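Letter by letter, the chains look like this.
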Amino acid sequence: MTDADYMRRAIALAWRSAGHTRPNPPVGAVVVKGGKVIGEGRHRRCGGDHAETAALKACKSSPVGATVYVTLEPCSKPGRVGACCDALIAAGVKRVVWACADPNPTNRGRAARVLRKAGIATAHGICADEAAELIIPFAKHVTTGMPYVTVKLAQSLDGKICDNFGSARWISSERSRRTTGRLRERVDAIMVGAETVRKDDPSLLCHTRRNDDLWRAVVSRSGRLPRKAQVFTDAAKDRTLVFRDAAEAVRELGRRGFMHVLCEGGLGLARSLAAAGLVDEWITVLAPIVIGDGHLSDAFRFPGEDTIVVSASCLVPSALCGADVNGASCLVPGALCEAKALGIERKQRTKHQAPGTKHQVLRTKHQAPGTKH
């Protein structure tokens, strides 16, 4: 196996922690000795062992003389727990390889100097693009104090995100809802507008895999919300926050350490976030359905699956600037030309990308980050 093979294993481990480590980044590590993996670990949550320490503790044999592969530059200063560089030095490893530099200015660039001074060989940049995607939300939060905001919208072929009667269930197919629903596994908070809560009464919880670290944020200017809504009555009711202003909601979530916020409901909310310049990424689901002027339940659906595209913040859906069509919100699919059926076409952002990495263009069809091809 090559350096890249071991690093991809570390990246796969790290993706399992996405959505659980705030305000720290998800990180994975693998310890290799004599061509065999003797230990692996990941940072599971803030205050717990960092990935390097977890991997060293999990070693089946002595890590002395081993090579450690880690997705992010090891920290060189102690924080809530000890510095990872100190743990690596104490373990007696001979080589440390990391994928991308730490965007945190207090740590960036220090690991190589500290480890080399202790006689440990270092290398970096292995699978840098793949590892950089892991920490895009962390990179924004640690440098700006603001969370990374993704807005997800579903639309019909005739450009509507709901019918003339306000119903949006369901424009997208069950299959694409499962695909985009996996985002809830790795974000810190789901944000919706008041009308979404009133009309749809969603749980906003993760249905594919339980995520007890996921919070819900509801934006309501009036504050008038149904007391019996699921977000106020279910087992996760203590993880629901209500705000009167979208921009203030994002700022407050950032202050609380939330790194990635997914906005799932309300064209008005999406417009507010876009107008404030707070959207980092758009996820648009284009369904092969024509709604017309009738009810969504009567809409004509063509054969075939939905198309999902992930686009940069500069590719703003035109509905956010335009008017309604026959009373129904309209979205023109201008950013969807390169998407593939149920694939995710990622036109990578550069603003919050980890230093020293290239653009990532494509994530494969149906593939969750960190899984094998």
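Scroll up for the structure.
These numbers come from a predicted model, not from an experiment.

What counts, and where the lines are drawn
- Every chain is numbered on its own, with residues counted from 1 as its sequence reads.
- Whole-chain, interface and lining totals are the exception, using all residues; otherwise, since this is a predicted model, local features are given only for residues with pLDDT of at least 70 and side-chain atom pairs are given and counted only at 80 or more.
- To obtain the side-chain values, all non-hydrogen atoms of the structure were used and water was disregarded.
- To sort residues, take the accessible area from a 1.4 Å probe on protein chains only and compare it with the maximum for the residue type: under 20% means buried, over 50% means exposed, and anything in between is partly exposed.
- In this text, helices come from DSSP runs of H or I with a minimum length of four residues, and strands from runs of E with a minimum of two, each type numbered from the N-terminal end.
- At least two bridges found by DSSP between two strands is the condition for calling them paired.
- Think of each axis as a best-fit line through the C-alpha atoms, taken over the contacting stretch in the case of a helix, with angles from 0 to 180 degrees between the N-to-C directions.
- Any carboxyl oxygen of Asp or Glu that lies within 4 Å of a side-chain nitrogen of Lys or Arg is treated as forming a salt bridge with it.
- It is the directions from the helix axis to the C-beta atoms that the arc portrays.
- We call two residues contacting when some pair of their heavy atoms lies within 4.5 Å.
- When two cysteine sulfur atoms are found within 2.5 Å, that pair is recorded as a disulfide.

Thoughts on the pairing of strand E7 (residues 189-193)
- Most of E7 is tucked away: 5 of the 5 residues are buried.
- Burial along E7 is two-sided: the residues Ala-189, Met-191 and Gly-193 and Ile-190 and Val-192 are all buried.
- The pairing of E7 with strand E8 (residues 215-219) spans 5 bridges and is parallel. Considered in E8, the bridge of Val-192 is made with Val-218.
- With 4 bridges joining them, E7 and strand E10 (residues 260-265) adopt parallel strand pairing. Looking across to E10, one finds that Ala-189 is bridged to Val-261.

Thoughts on the sheet that holds strand E1 (residues 28-33)
- Judged by pairing direction, the sheet is mixed, and its 5 strands sit side by side in the order E2-E1-E3-E4-E5 without closing on themselves. Across the chains shown, the open sheet's two edge strands, defined by having one partner strand only, are strand E2 (36-42) and strand E5 (121-124). Adjacent strand axes in the sheet meet at a mean angle of 15 degrees, parallel and antiparallel pairs treated alike.
- Pairing between strand E3 (residues 67-72) and strand E4 (residues 95-100): 5 bridges, direction parallel.

Observations concerning the pattern of salt bridges
- All told, the structure shown has 14 salt bridges when counted by the stated rule.
- We note a salt bridge from Arg-95 to Asp-3, for which the minimum N-O separation is 2.9 Å. Linking Arg-95 in strand E4 with Asp-3 in helix H1 (residues 3-15), this pair joins segments that are 92 residues apart in sequence.
- Here Arg-95 falls in the partly exposed class, since its relative accessible area comes to 24%.
- Judged by relative accessible area, which is 23%, Asp-3 ranks as partly exposed.
- When the shortest N-O distance is used, the salt bridge between Asp-280 and Lys-140 registers 2.8 Å.

What about helix H3 (residues 84-91)?
- Among all positions in H3, only Cys-84, Cys-85, Leu-88 and Ala-91 are buried. Buried residues of H3 fall within an arc of 130 degrees about the axis and therefore sit on the same side.
- On the buried face of H3, the contacting elements are helix H2 (51-57), E3, E4 and helix H4 (110-117).
- Gly-92, located one to two residues past H3, shows a positive phi value of around 80 degrees.

Observations regarding the state of the cysteines
- Considering all chains together, one arrives at 0 disulfides under this definition.
- You can see Cys-75 has no disulfide; the closest cysteine sulfur is in Cys-84, sitting 3.4 Å from it.
- You can call Cys-75 buried: its relative accessible area is 11%.
- Cys-84 gets classed as buried once you look at its relative accessible area, which sits at 1%.

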